[in-house]
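These are the residues of each chain, in order.
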Amino acid sequence: MQPRIVIADDHPLFRGALAHAVARVWPGAAVFEASSAAEARAALQAGGAECLLLDLHMADSSGLSVLMDLRQDYPALPIVIVSASEEPRVAAAAAQLGAAGFIPKSASLDAIREGLAAVQGGDAWFAEGHAGEDDDLARIASLTPAQRRILAGIRQGLLNKQIAYELSISEATVKAHITAILRKLGVGSRTQAVLVAAKLDVDQPVAEPAQA
DNA sequence: AGTGAACGCTTTATGGCCGT
DNA sequence: ACGGCCATAAAGCGTTCACT
């Protein structure tokens, strides 16, 4: 059967390069290009895929939380992270969260092919070779989808009441989830939870301060 | 796992009282 | 009038328990 490969990257040129590499590794593969996380999801929903090549920052996605969400929704799908970052800790974080591989955008076409071939063969492939495991990321990964939504609200600086309104649930429920989140993350307050969760932004440029 | 109510704790805001 | 102090109220946070 013809393999389906989804490439999610918001740079058309790089998508093209990846598609080229994919064609070498999966001859005859049907390549679906997506320029946003939403498009990638649509492609996956339409017919699944043998592999997803995922850029971590696109217009509608930021950081490793996209990876985490997709891992949750498609546990069996090998996801190869394609990142502008070279940092070993990014690769390590991706590995921790269940990525099948990590390819820096600076990698040569040969290196990209090598990586994809490894993943196709069922092996993990990380260009930088990953550093030690990060307990915090493992903890974050253990959060349920509801808990993650609430953590996202906390990270935005929202009050429990505001988070409850956004998610259309009661404030009491938000508090209950937060208790579970704090326990899973091993921290004592929402502010500490925010600091732990900041590790998900490992692939992000430093955020601009909000306009006053 | 998700939800919500009841409860206690801490912090912040408010208002009254006092001595200077 | 003023600054300092204390009691009270209100808001927000987090825990526990019970129900679905």
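Computed from a predicted structure; not experimentally measured. (Residues numbered from 1 in each chain as written. Chains lettered and ligands numbered in written order. Predicted model: local features only at pLDDT ≥ 70, side-chain atom pairs only at ≥ 80, totals over all residues. Heavy atoms only, no water.)

Undergrad: Explain the protein's contact with DNA strand C here, please?
TA: In the region of DNA strand C, the neighbouring residues are L159, N160, K161, K175, I178, T179, S189 and R190. The sugar and phosphate moieties of DNA strand C supply 56% of its atoms located within 4 Å of the protein. Within the side chain of K175, a nitrogen or oxygen atom sits 3.0 Å from a base nitrogen of DNA strand C. Mapped onto the surface near DNA strand C, the elements with two or more residues apiece are helix 8 (160-167) and helix 9 (171-185). The leading source of residues in the surface near DNA strand C is helix 9, at 3 residues. Its residues assigned to classes, the surface near DNA strand C shows 2 nonpolar, 3 polar and 3 charged. (Near = heavy atom within 4 Å. Polar contact = N/O pair within 3.5 Å; in protein donor to acceptor, adjacent residues only side chain to side chain. Helix = DSSP H or I, 4+ residues; strand = E, 2+ residues; numbered from the N terminus. Nonpolar A, V, L, I, M, F, W, Y, C, P; charged D, E, K, R; others polar.)

Undergrad: Can you walk me through the environment of L116 in this structure?
TA: Within the fold, L116 resides in helix 5 (residues 109-120). You can call L116 buried: its relative accessible area is 0%. Along the backbone, L116 and V25 are 91 residues apart, and their C-alpha atoms lie at a distance of 6.7 Å. Discounting chain neighbours no more than four positions away, the residues touching L116 are A21, V22, V25, W26, L53 and I103. (Buried < 20%, exposed > 50% of the residue type's maximum accessible area, 1.4 Å probe, protein only. Contact = heavy atoms within 4.5 Å.)

Undergrad: What am I meant to see in the protein's contact with DNA strand B here?
TA: Taken together, T144, A146, I169, S170, A172, T173, A176 and H177 make up the full set of residues adjacent to DNA strand B. Each atom of DNA strand B within 4 Å of the protein was assigned to sugar, phosphate or base; sugar and phosphate come to 73%. Here H177 contributes a side-chain N or O atom positioned 3.0 Å from a phosphate oxygen of DNA strand B. Sorting elements by how many residues they give to the surface near DNA strand B places helix 9 first, with 4 residues. Here the surface near DNA strand B is built from residues that sort into 4 nonpolar, 4 polar and no charged.

Undergrad: Could you clarify how one ought to interpret the packing of helix 7 (residues 145-155) against helix 10 (residues 190-197) in this entry?
TA: For any two helices packed against each other, the geometry is given by the interaxial angle and the distance between the axes. Where helix 7 meets helix 10, the closest approach of the two axes is 9 Å, and the angle between their N-to-C directions is 100°. By the angle between their directions, the pair helix 7 and helix 10 is classed as roughly perpendicular. Side by side, helix 7 and helix 10 meet where L151, I154 and R155 of the first sit next to R190, A193, V194 and A197 of the second. Residue composition of the contact of helix 7 with helix 10, grouped by class: 5 nonpolar, no polar and 2 charged. (Axes fitted to C-alpha atoms, helices over the stretch in contact; angles between N-to-C directions. Parallel < 35°, antiparallel > 145°, perpendicular 65-115°, else oblique.)

Geometric values such as these leave the question of function open.
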